[in-house]
Amino acid sequence: MWIRATTFIFAALMISPVWSFEPGETSPKKIENSLGMKFVLVPAGEFMMGSDESPEALAVAYPQYGRERFLALVDEAPVHKVRITRPFYLGQHEVTVGQFRRFVEASGYQPESEADGTGGYGYNPDYDPEKSERSDAFEGRNPKYSWRNPGFKQGDDHPVVNVTWNDAVAMSKWLSEKEGKKYRLPTEAEWEYAARAGTRTRYHSGDDPQSLLKVANTFAADTKADWPQWKDYALAGYDGFEFTAPVGRFAPNALGLYDMHGNAWEWCADWYDDNYYAMSPVNDPPGPASGKVRVRRGGSWHTWSFYARSSYRNWNSPETRYTLVGMRLLRKADADER
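Numbers given for residues are sequential positions, taken from 1 along each chain in its written order. With the structure being a predicted model, the display of local features is reserved for residues of pLDDT at least 70 and the display and counting of side-chain atom pairs for 80 or more, all residues being used for whole-chain, interface and lining totals. To obtain the side-chain values, all non-hydrogen atoms of the structure were included, while hydrogens and water were left out.

Draft legend 1. Examining the sheet that holds strand β11 (residues 314-316) more closely. Think of it this way: DSSP has to see at least two bridges between two strands before they count as a pair. Only runs of H or I of at least four residues qualify as helices and only runs of E of at least two qualify as strands under DSSP, and these elements are numbered from the N terminus. Strand order in the open sheet formed by 4 strands is β11-β10-β9-β12, and the pairing between neighbours is mixed. Looking along the sheet, the strands with just one partner apiece sit at the ends: β11 and β12 (325-326). In terms of strand pairing, strand β10 (residues 294-297) meets β11 through 3 bridges, oriented antiparallel. Following the sheet pairing, Val295 is matched in β11 by Trp315.

Structure representation (structure tokens):
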């Protein structure tokens, strides 16, 4: 088993991207597509991907967690240089319920939670995880739950959840054909590069988990009342939302991207491999050539702060639909749009 090195041994080696803007501009270039989705231009550059924090350092920052959780993070290492060679546009926000609805209505696409008749997952205050077969935090699968109903109220400006990786790819393909521009999910490397926005800290807001209260909708005091068994893992403060929040309600990162931490987990293009970092190419790593599960990143409204770090990796099967999982799309930047 790979043993993590001393905390932040690679921090001094980080090569920050140069956030280059047009003359007179003070923020990244933005565009808006036919569904009203706003995209931010992410410039090419280099960064150090992953984390090498020691279990001892993590135990200081997260004293309520057992040591076994820190030892399980071998897939975040080794820290390695990644070069993003081409600028790209990334959704300024997670795809919303309203945007996904417009896609479904215009395309005739039937999301998997409805197409296969098994539904998704949802919040039910009367559901007892201890009495369920898998002790899952949410009830499901159940046909009454889908992207239309995660068991709690959402407006059109909330991030869509209960969408599968296949649903996200279908939306990307439809937008590509409709607009004549290339849409897709970001790679895991592109996602972390954009999420960090030049930082090397645990979150783009710093190392302190409490800093998430200003930049993210995660498992805080608003939510712990519904899951008292996990109250020790809640942030000591309120972020204002019991469930999902309208996109863009928290402070963005240096690139102007919102909710890169929390609100909804975001699908990435890659297959998952816990050893991939050791063999990952420097230039534009595409992820493994094959696999069984796809990467998701960023955490959700129900995610403990430890698992909302920029470097944390998670995964699900492509057909998974869950009340915490959504998406953020990437649009290729043509030469005349950079």
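Draft legend 2. Focus on unusual backbone geometry. The omega torsion across Ala77 and Pro78 is 0 degrees, close enough to zero to call that bond cis. At the junction of Gly140 and Arg141, the peptide bond is cis and its omega measures out at -10 degrees in the coordinates. With respect to the secondary-structure elements, Arg141 resides in strand β7 (residues 139-142). Phi at Ser135 is positive, roughly 55 degrees, even though this residue is not glycine. Following the sequence through the fold, Ser135 ends up in the loop between β6 (120-122) and β7.

Draft legend 3. Region of interest: the sheet that holds strand β13 (residues 330-332). Within the open sheet, the 5 strands sit side by side as β1-β2-β5-β13-β8. Their pairing is antiparallel. The sheet is open, and its two borders are formed by β1 (30-32) and β8 (183-184), each paired with just one other strand. Relative to strand β2 (residues 38-42), β1 is paired through 3 bridges, and the arrangement is antiparallel. Paired with Lys30 across the strands is Val40, a residue of β2.

Draft legend 4. Geometry of the pairing of strand β4 (residues 80-84). For every residue, the accessible area (1.4 Å probe, protein chains only) is compared with the maximum for its type, and the residue is labelled buried under 20%, exposed over 50%, or partly exposed between those bounds. With burial as the criterion, only one face of β4 is covered, namely that bearing His80, Val82 and Ile84; the residues Lys81 and Arg83 on the opposite face remain uncovered. As defined by bridge partners, strand β3 (residues 45-49) adjoins β4 across 5 bridges and the pair is classed as antiparallel. Bridging from a neighbouring strand, Met48 pairs with Lys81 of β4.

Draft legend 5. Fine view of the pattern of salt bridges. Think of a salt bridge as a Lys or Arg side-chain nitrogen and an Asp or Glu carboxyl oxygen that are within 4 Å of each other. Counted by the stated rule, this structure contains 20 salt bridges. Arg309 is the salt-bridge partner of Glu76, the closest N and O atoms lying 2.7 Å from each other. Residue Glu76 is found in the loop between α2 (67-71) and β4, and its partner Arg309 is found in the loop between β10 and β11; the two are separated by 233 residues along the sequence. The exposure class assigned to Glu76 is buried, which follows from its relative accessible area of 0%. It is possible to trace a salt-bridge network through shared partners that takes in Glu188, Glu192, Arg196, Arg297 and Arg313.

Draft legend 6. Highlighting the packing of aromatic side chains. Any Phe, Tyr or Trp ring, taking Trp's six-membered ring, that has another such ring centre within 6.5 Å forms a pair; planes under 30 degrees apart are called stacked, those over 60 apart edge-to-face, and the others tilted. Inspection of the entire model under this criterion finds 31 aromatic pairs. Ring geometry for Tyr123 versus Trp227: centroids 5.4 Å apart, planes at 55 degrees, classification tilted. Note that Tyr123 is positioned in the loop between β6 and β7 and Trp227 in the loop between α8 (221-224) and β9 (265-271), a separation of 104 residues in sequence. Pair check on accessibility: Tyr123 and Trp227 agree, each one buried. Where Tyr272 meets Trp315, the ring centres are 4.3 Å apart and the plane angle is 15 degrees; that geometry is what we call stacked.

Draft legend 7. Representation of the confidence of the model for the protein within the structure. Per-residue confidence from the predictor is given as pLDDT, running between 0 and 100. Chain-level statistics for the protein give a pLDDT mean of 92 and a share of 92% at 70 or above. Every residue pair with non-hydrogen atoms within 4.5 Å of one another is taken to be in contact. Every residue in residues 1-25 is under pLDDT 50, and counting partners more than four places away or in other chains gives 58 contacts.

Draft legend 8. Representation of a positive patch on the surface. Patches in this entry comprise residues that are over 30% relatively accessible and not in a salt bridge; like charges within 9 Å are linked, as are nonpolar side chains (Val, Leu, Ile, Met, Phe, Trp, Tyr) within 5 Å. Note on areas: Shrake-Rupley, 1.4 Å probe, and residue coverage restricted to the protein chains presented here. Charge counting treats Lys and Arg as positive and Asp and Glu as negative, with His and both chain ends excluded. For charged residues, the charge sits on one atom: NZ in Lys, CZ in Arg, CG in Asp, CD in Glu. Among the surface-exposed residues, Lys173, Lys182, Lys332 and Arg338 lie close enough to one another that they form a single positively charged patch. Looking at the secondary structure, you find Lys182 in the loop between α5 (165-179) and β8. Overall, Lys182 belongs to the partly exposed group, its relative accessible area being 47%.

Draft legend 9. Looking closely at the environment of Phe39. Inspection of the secondary structure assignment puts Phe39 in strand β2. Phe39 sits in the buried class, given a relative accessible area of 1%. Residues Phe39 and Leu330, 291 residues apart in the sequence, show an inter-C-alpha distance of 7.9 Å. Discounting chain neighbours no more than four positions away, the residues touching Phe39 are Lys29, Lys30, Ile31, Asn33, Tyr89, Leu90, Gly91, Gln92, Tyr183, Leu329, Leu330 and Arg331.

Draft legend 10. The arrangement of helix α6 (residues 188-196) in detail. Burial of α6 is extensive: 9 of the 9 residues sit out of reach of the surface. Within the sequence span of α6, burial applies to Glu188, Ala189, Glu190, Trp191, Glu192, Tyr193, Ala194, Ala195 and Arg196.

Draft legend 11. Focus on the packing of helix α3 (residues 97-107) against α5. Angles here are taken between N-to-C directions and fall from 0 to 180 degrees, while the axes themselves are lines fitted to C-alpha atoms, restricted in helices to the stretch in contact. Between α3 and α5, the shortest axis-to-axis distance is 11 Å and the interhelical angle comes to 65 degrees. What the angle tells us is that α3 and α5 run roughly perpendicular. Where α3 crosses over α5, the two elements pack in a sense that is left-handed. From α3, Gln99, Phe100, Phe103, Ala106 and Ser107 reach across to α5, where they touch Asp167, Ala170, Met171 and Trp174. Residues of the contact of α3 with α5, tallied by class, amount to 6 nonpolar, 2 polar and 1 charged. Note on terminology: angles under 35 degrees are roughly parallel, angles over 145 are roughly antiparallel, angles of 65 to 115 are roughly perpendicular, and the others are oblique. Each helix crossing is assigned a hand: it is left-handed if the near helix lies turned anticlockwise from the far helix by less than a right angle, otherwise right-handed if that turn is clockwise. Residue polarity is assigned by list, with Asp, Glu, Lys and Arg as charged and Ala, Val, Leu, Ile, Met, Phe, Trp, Tyr, Cys and Pro as nonpolar; anything else, Gly included, falls into the polar class.

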